[in-house]
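Residue-level structure breakdown
Chain by chain, the residues run as shown.
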Amino acid sequence: MEFVKYTTEGMVGIVTIDRPKALNALNSQVLTEIEQTFDAIDQEAIRCVIVTGGGEKSFVAGADIAEMSSQTKEEGEAFGKKGNDIFLKIESFPLPVIAAVNGFALGGGCELSMACDIRICSENAMFGQPEVGLGITPGFGGTQRLSRIVGMGMAKQLIFSARNIKADEAFRIGLVNAVYPAEELMPQAMKLANTIAANAPIAVRACKRAMNEGISVDIAQAVAIEAKCFGDCFQTHDQIEGMSAFLEKRKEKNFINK
Ligand code: DAK
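Thresholds applied
- Residues numbered from 1 in each chain as written.
- Predicted model: local features only at pLDDT ≥ 70, side-chain atom pairs only at ≥ 80, totals over all residues.
- Heavy atoms only, no water.
- Salt bridge = Lys/Arg side-chain N within 4 Å of Asp/Glu carboxyl O.
- Helix = DSSP H or I, 4+ residues; strand = E, 2+ residues; numbered from the N terminus.
- Buried < 20%, exposed > 50% of the residue type's maximum accessible area, 1.4 Å probe, protein only.
- Disulfide = S-S within 2.5 Å.
- Near = heavy atom within 4 Å.
- Polar contact = N/O pair within 3.5 Å; in protein donor to acceptor, adjacent residues only side chain to side chain.
- Nonpolar A, V, L, I, M, F, W, Y, C, P; charged D, E, K, R; others polar.
- Pairing = 2+ DSSP bridges.
- Axes fitted to C-alpha atoms, helices over the stretch in contact; angles between N-to-C directions.
- Contact = heavy atoms within 4.5 Å.
- Patch = residues over 30% accessible without salt bridge, like charges linked within 9 Å, V, L, I, M, F, W, Y side chains within 5 Å.
- Areas by Shrake-Rupley, 256 points an atom, 1.4 Å probe, with all protein chains shown as cover.
- Parallel < 35°, antiparallel > 145°, perpendicular 65-115°, else oblique.

Moving on, we come to the pattern of salt bridges. Counted according to the given criterion, the structure contains 13 salt bridges. Its salt-bridge partner being Lys89, residue Glu35 comes within 2.9 Å of it at the nearest N-O pair. With a gap of 54 residues between them, Glu35 in helix α1 (residues 28-40) and Lys89 in helix α3 (residues 73-91) connect regions that are remote in the sequence. Given the relative accessible area of 26%, Glu35 is considered partly exposed. Under the relative-accessibility criterion, Lys89 is labelled partly exposed at 30%. For the salt bridge of Arg163 with Glu169, the shortest nitrogen-to-oxygen distance reads 2.9 Å.

Structure below.
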């Protein structure tokens, strides 16, 4: 892979979008490499994934404007579909995905972070959907996910005004869960990922499924989805282990993803 690096630390997989010369902008090749990287993640060994950007300045500064500038209607639509399909894959990826936003998260970069389950960022992070200033709409899910995360009124204000916001404002409106000095971002992301990884993987994955699937149906259907996910955890090794540990007053738990 030229632009996407994948490393592991224990049970955590780290996906780094690494095209710093273009502030990690997403061209077709980067999108393909992101997809291939996620497809290759070992879902038995890995329990949580972190997505971040290479270099000091940027998470992802958007879709590649140079590549998009000469696209026809058909090519634009195909490019949008490619990005959307990959971001949907990340959103519904069985493992939790944390975006460690280490700088610019603009346009497609903000959208990539929103396809992840959890966003934390560095103090120099900047978020925004500048597309209307370029004569286009957000094309990788921004009009849909931003309103689900920060509410319709704030999302409309940000998208219609194309205003970029700094980390503290992103935190205030709930777009990110925490802000850290740049050098603490990855250690904090690892700490969170390891906390998640220490819990029962089948249960964590079932929670993600229930929350993602439940959000787009009515409450009766949503709680039925939860009930199914809840039931799926029973008679697993990890359910028996987790409950036995509590009853035996044991701190150590041996979760094996079975
Ligand atoms: N695309 C391509 N190259 C980019 C880029 C981008 N999004 N962002 C930065 N670069 C490149 C710059 O061109 C520059 O390249 P060289 O000139 O050195 O060759 C290099 O990265 C460094 O950038 P700067 O020199 O501009 O660095 P600064 O620190 O001065 O400024 C900046 C950083 C992030 C404020 C600035 O680069 C900037 O404003 N970048 C563009 C940010 C932006 O507008 N992002 C949103 C892109 S639009 C759709 C599908 C997808 C989408 C929409 C619709 N459909 C099919 C419907 C998605 C749209 C977007 O994401």
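Considering all chains together, one arrives at zero disulfides under this definition. Just so you know, Cys207 is unpaired, no disulfide at all, and the nearest cysteine sulfur is the one on Cys233, 6.9 Å from it.

Let us look at the site of the ligand. Around the ligand, 25 residues are found, and the nearest of them are Lys57, Ala61, Ala63, Gly76 and Gly108. Here an oxygen atom of the ligand sits 3.4 Å away from a polar atom, N or O, in the main chain of Lys21. Counting only elements with at least two residues in the shell around the ligand, the list comes to α2 (65-69), α3 and β6 (104-106). For the shell around the ligand, the class distribution of residues is 14 nonpolar, seven polar and four charged.

Right, let's get into the sheet that holds strand β2 (residues 12-17). Two modes of strand pairing occur in sheets, parallel and antiparallel, and in both the strands are linked by backbone hydrogen bonds. Strand order in the open sheet formed by six strands is β1-β2-β3-β5-β7-β10, with mixed pairing between adjacent strands. Bordering the open sheet on either side are β1 (4-9) and β10 (178-180), each of which pairs with just one other strand. If you compare each strand with its neighbour and ignore which way they point, the axes differ by 20° on average. With three bridges connecting them, strand β3 (residues 48-53) and strand β5 (residues 97-101) associate as parallel partners. Directly across from Val51, in β5, lies its bridge partner Ala99. Contacts from α1 reach β1, β2, β3 and β5, with the element oriented near 25° to β1.

Where nonpolar side chains cluster on the molecular surface, the patch consists of Ile65, Leu134 and Ile136 and spans about 260 Å² of accessible area. Position of Ile65 relative to the elements: it lies in helix α2.

Strand order in the open sheet formed by four strands is β4-β6-β8-β9, and the pairing between neighbours is mixed. What marks the edges here is a single partner per strand, and that holds for β4 (58-60) and β9 (165-166). Two elements, β4 and β6, share two bridges in a ladder whose sense is parallel. Looking across to β6, one finds that Val60 is bridged to Ala105. Most of the contacts of helix α4 (residues 108-115) go to β4, to which it runs at about 75°, and overall it touches β4, β6 and β8 (126-128).

Turning next to the pairing of β1. Examined bridge by bridge, β1 and β2 share six bridges and lie antiparallel to one another. Considered in β2, the bridge of Tyr6 is made with Val15.

At a minimum axis separation of 9 Å, helix α9 (residues 201-214) and helix α10 (residues 219-233) run at an interaxial angle of 170°. It follows from the interaxial angle that α9 and α10 lie roughly antiparallel. Of the residues in α10, those in contact with Ile202, Ala203, Ala206, Arg209, Ala210, Glu213 and Gly214 of α9 are Ala222, Ile225, Glu226, Cys229, Asp232 and Cys233. When grouped by side-chain class, the residues that make up the contact of α9 with α10 number eight nonpolar, one polar and four charged.

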